[in-house]
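For reference, the chains in residue letters:
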Amino acid sequence: MHDYQEAFIRFALERGALRFGEFQLKSGRTSPYFFNTGLFNSGGALSQLGRCYAEALARAQIDFDLVFGPAYKGIPLATGLAVALAESRGRDVPYAFDRKEVKDHGEGGRIVGAPVQGRRAVIVDDVISSGVSIREAAELIAAEGGTVAAVAIALDRKERGRGEASAVREVERLLDAPVVPIVTLDHLEAYLAEHGGRGETIEAIRAYRAQYGAG
């Protein structure tokens, strides 16, 4: 595990964005942990999160020239990444996001921000569960004349999607583009084991993975 990944997990715990217990997910599964990027809800927190996304993309050597945030949760994530790229990487990368409803006045359309046409976009989101929001974003990018270079997520839960493959792998196959996480559930388990005191949590995560996990 790299230093930035360990720092990210510690940061998520400190902010309460990563919690342990019993949580009912949208999928109907009862998870022993819950991750919510909505709790990175200050300028400093969003800045630090953006730097983590930027580091993960740099290490994955992704070639992109647009950051795209699916409405709604992806909008601040994409903005944070774009700011981090400018401040910590010296890259002034344009960003865009979509509206839930088409605007029929003013500039109109579904896209707000930089033009998508001809650009290679990184879609930024928190996790991939069903992958619906990612697929919708990819379709919109294609309709606007762009392509998807990668999907950046904060946490890969390493869970099965609609079939036996992981939800992340299903998205990669559908988009023919890599999914780049800041951390995976493997990193989270390793962090908890190294820092001790959470034996019951680790066992609960392992039991959950045995039931719903995928490689």
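Here the structure is a predicted model, which means the values were calculated and not measured.

Criteria and thresholds
Residues numbered from 1 in each chain as written. Predicted model: local features only at pLDDT ≥ 70, side-chain atom pairs only at ≥ 80, totals over all residues. Heavy atoms only, no water. Buried < 20%, exposed > 50% of the residue type's maximum accessible area, 1.4 Å probe, protein only. Helix = DSSP H or I, 4+ residues; strand = E, 2+ residues; numbered from the N terminus. Pairing = 2+ DSSP bridges. UniProt positions renumbered as here; feature names shortened; annotations may be inferred. Contact = heavy atoms within 4.5 Å. Polar contact = N/O pair within 3.5 Å; in protein donor to acceptor, adjacent residues only side chain to side chain. Phe/Tyr/Trp six-rings, centres within 6.5 Å; stacked < 30°, edge-to-face > 60°. Lys NZ or Arg CZ within 6 Å of the ring centre and 35° of its normal. Expected span 1.5 Å × (residues − 1).

### Section: the pairing of strand S6 (residues 120–124)
(1) Moving on: Across the five residues of S6, four count as buried, placing the element largely inside the fold.
(2) Moving on: Note that strand S3 (residues 66–69) and S6 share three bridges and pair parallel. Pairing of Leu66 across the sheet is with Ala121, part of S6.
(3) Moving on: As paired strands, S6 and strand S7 (residues 147–156) are joined by five bridges and run parallel to one another. Considered in S7, the bridge of Val122 is made with Ala150.

### Regarding the UniProt feature "binding site: orotate" (unreviewed entry) in the protein chain
(1) Moving on: Mapped onto the present numbering, the UniProt feature "binding site: orotate" (unreviewed entry) falls at Phe34, Phe35, Ser129 and Arg157. Judged by maximum C-alpha separation, these annotated positions cover 124 residues in sequence but sit close together in space, the widest gap being only 12.3 Å.
(2) Moving on: Non-local contacts of Phe35, meaning those with residues more than four positions away in its chain, are made with Phe8, Ala12, Ala17, Leu18, Phe40, Asp126, Val127, Ala154 and Leu155.
(3) Moving on: By the secondary structure assignment, Arg157 is in the loop between S7 and helix H5 (167–175).
(4) Moving on: By relative accessible area, Arg157 is classed as buried at 9%.
(5) Moving on: Only 2.9 Å separates the side chain of Arg157 from the side chain of Ser31, close enough to count as a polar contact.

### Topic: the pairing of strand S1 (residues 18–24)
(1) Moving on: Looking at chain direction, S1 and strand S2 (residues 30–35) are connected through five bridges and run antiparallel. In the sheet register, Phe20 faces S2, and the bridge partner there is Tyr33.
(2) Moving on: Connecting the antiparallel pair S1 and S2 is a turn made up of five residues, with Gly28 showing a positive phi of about 95 degrees.

### Quick look at the packing of aromatic side chains
(1) Moving on: Applying the stated criterion across every chain yields a total of six aromatic pairs.
(2) Moving on: Ring geometry for Phe8 against Phe40: centres 6.3 Å apart, planes inclined by 40 degrees, an arrangement best described as tilted. Of this pair, Phe8 sits in helix H1 (residues 3–15) while Phe40 sits in the loop between S2 and helix H2 (43–60), and the two are 32 residues apart along the sequence. The pair Phe8 / Phe40 is uniform in exposure class, with both members buried.
(3) Moving on: A connected cluster of aromatic rings, assembled from ring pairs, spans Phe8, Phe11, Phe35 and Phe40.
(4) Moving on: When the ring centre of Phe64 is taken as origin, the NZ or CZ atom of Arg91, which lies over that ring, is 4.7 Å away.

### Focus: H2
(1) Moving on: Across its 18 residues, H2 extends 26 Å between first and last C-alpha, which sits within 8% of the 26 Å expected from 1.5 Å per residue.
(2) Moving on: Buried within H2 are the following residues: Ala45, Leu49, Gly50, Cys52, Tyr53, Ala54, Glu55, Ala56 and Leu57.
(3) Moving on: Check the buried side of H2 and you find it contacts H1, helix H3 (74–89), S6, S7 and strand S8 (179–184).

### Focus on the side chain of Ser166
(1) Moving on: With respect to the secondary-structure elements, Ser166 resides in the loop between S7 and H5.
(2) Moving on: Assessed through its relative accessible area of 4%, Ser166 is described here as buried.
(3) Moving on: At a separation of 2.9 Å, a polar atom in the side chain of Ser166 contacts the main-chain amide nitrogen of Arg169.

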